[in-house]
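# An overview of the molecular structure
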Amino acid sequence: MAITDSSVIGVIDLQGGVAEHLNHLKEIGIAARAIKCAAELDGLSGLIIPGGESTCMSRLMRSFGLDCAIRRAYDNGLKIWGTCAGAILLARENTSGLPPFFGFIDMVVDRNAFGSQLDSFSCNATIPAVVEQDSIPLTFIRAPKIVHVGKGVRVLLKINDDYIAAAESDQILVTVFHPELTASLAFHRYFASKCNLPQASYIEEDKIVDLNWTPKSWMRFSSHV
Ligand code: GLN
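This is a predicted model, so every value here is computed, not measured.

Criteria and cut-off values
- Residues numbered from 1 in each chain as written.
- Predicted model: local features only at pLDDT ≥ 70, side-chain atom pairs only at ≥ 80, totals over all residues.
- Core = buried A, V, L, I, M, F, W, Y, C linked by C-beta atoms within 7 Å.
- Buried ≥ 20, exposed ≤ 12 C-beta atoms within 10 Å, placed from the backbone.
- Contact = placed C-beta atoms within 7 Å.
- Helix = DSSP H or I, 4+ residues; strand = E, 2+ residues; numbered from the N terminus.
- Near = placed C-beta within 6 Å.
- Nonpolar A, V, L, I, M, F, W, Y, C, P; charged D, E, K, R; others polar.
- Pairing = 2+ DSSP bridges.
- Arc of directions from axis to C-beta.

### A look at the nonpolar core
Considering soluble globular proteins, one finds that nonpolar side chains tend to be buried as a cluster. Counting residues in hydrophobic clusters, the biggest one holds 67 residues, and the most contacted among them are Ile9, Leu90 and Ala167. Setting aside its immediate chain neighbours within four residues, leucine 90 contacts Ile49, Ile80, Gly82, Phe102, Phe104, Ile105, Ile172 and Val174.

Written as structure tokens, this is what we have:
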């Protein structure tokens, strides 16, 4: 039986940074659930395709029948946010010549554009469209570059004048970095408002940082600690 709840954001739970996204949504008072099968997509307000490894995730999505179900949900208006590998899967084209997976957003991505995993890095940026004033910490893990966006796609962040790190269309948000791996809640709040989900009344209006977050926060999700 399909599970229906129109004020929930789902996070695809096949591979990658799932728990961290669920945690950030909880911190801003948004109901969230991990999505493993097609029926669980029904009635969602928004969907996050996390970072991880895009080839692996695309194969798992096919095996679990989630690719067709996500296409149908997108056609019915579902808002989707892809982080890093998730953004690669949403792009219309990638420079490696591989066929696009979803192709929901008119942009071209250059996968693994900075080199190997060892070339991962972090920096800070101000993104006025997402949060006023504050500079946001950004974590890039073997990230792609967005090298071109087409009509109907707004650039939210450009770095070093030559590549786009965050963009959106009416239905899709993409970030090539990982807000869920930082203390910043700004992008999760931004996506919740894109999904027309009201801010929970018990969360302070200006809460854009999880003060309890540490770089080791993810360890509390591990069954080994
Ligand atoms: N390099 C990965 C890929 O190509 C993406 C990395 C990530 O999601 N952090 O799929």
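### Comments concerning the environment of valine 176
Looking at the secondary structure, you find valine 176 in the loop between strand E12 (172-175) and helix H5 (186-194). Judged by local crowding, valine 176 falls into the buried class, with 30 C-beta atoms found within 10 Å. When the C-alpha positions of valine 176 and arginine 142 are compared, they lie 9.3 Å apart, and in sequence the two are 34 residues distant. Setting aside residues no more than four positions away along its own chain, valine 176 makes contact with Cys84, Ala87, Phe140, Ala143, Pro144, Lys145, Ile146 and Ala165.

### Looking at the site of the ligand
Around the ligand sit Gly51, Gly52, Glu53, Ser54, Cys84, Ala85, Ile88, Arg111, Asn112, Ile141 and Arg142, and those are all the residues in its vicinity. Class assignment of the residues belonging to the shell around the ligand gives a composition of four nonpolar, four polar and three charged.

### Looking at the pairing of strand E10 (residues 154-159)
Relative to strand E11 (residues 163-168), E10 runs antiparallel, the two sharing five bridges. Bridging from a neighbouring strand, valine 155 pairs with alanine 167 of E11. Counted along the chain from E10 to the antiparallel partner E11, the turn is three residues long, and its residue asparagine 160 has a positive phi close to 55°.

### Thoughts on unusual backbone geometry
Phi angles above zero are rare outside glycine, and asparagine 112 is one such case at about 50°. Looking at where asparagine 112 falls in the secondary structure, it is placed in the loop between strand E6 (105-110) and strand E7 (121-126). Backbone geometry places asparagine 160, a non-glycine residue, at a positive phi of 55°. Checked against the element boundaries, asparagine 160 lands in the loop between E10 and E11.

### Things to note about helix H2 (residues 54-63)
Residues Ser54, Met57 and Met61 constitute the buried set of H2. What you see down the axis of H2 is that its buried residues fit within an arc of 65°, all on one side. Exposed positions of H2 whose direction lies more than 90 degrees from the buried face are Arg62 and Ser63. Tucked into the core, H2 has its buried residues touching helix H3 (66-75) and helix H4 (85-90). Looking one or two residues beyond H2, the residue adopting positive phi is glycine 65, at roughly 70°.

### What to know about the environment of serine 54
Looking at the secondary structure, you find serine 54 in helix H2. Sequence separation of serine 54 and cysteine 84 is 30 residues, and the distance between their C-alpha atoms is 8.5 Å. Other than its neighbours up to four places away in sequence, serine 54 contacts Ala85, Ile88 and Leu89.

### Things to note about the pairing of strand E4 (residues 79-83)
A large share of E4 lies buried, amounting to five of its five residues. Of the two faces of E4, the one lined by Lys79, Trp81 and Thr83 and the one lined by Ile80 and Gly82 are each fully buried. As judged from the four bridges shared by strand E3 (residues 46-49) and E4, these two strands associate in the parallel manner. If you follow isoleucine 48 over to E4, its bridge partner there is tryptophan 81. Here four bridges tie E4 to E12, and the two strands are oriented parallel to one another. Bridge pairing links isoleucine 80 to isoleucine 172 in E12.

### Details of helix H1 (residues 18-27)
Here H1 lies mainly inside the structure; seven of its 10 residues are buried. All buried positions along H1 are accounted for by Val18, Glu20, His21, Leu22, Asn23, His24 and Leu25. Summarising the contacts, the buried residues of H1 are in contact with strand E1 (8-12), strand E2 (31-35), E3 and H5.

None of the figures reported here should be taken as evidence of function without further support.
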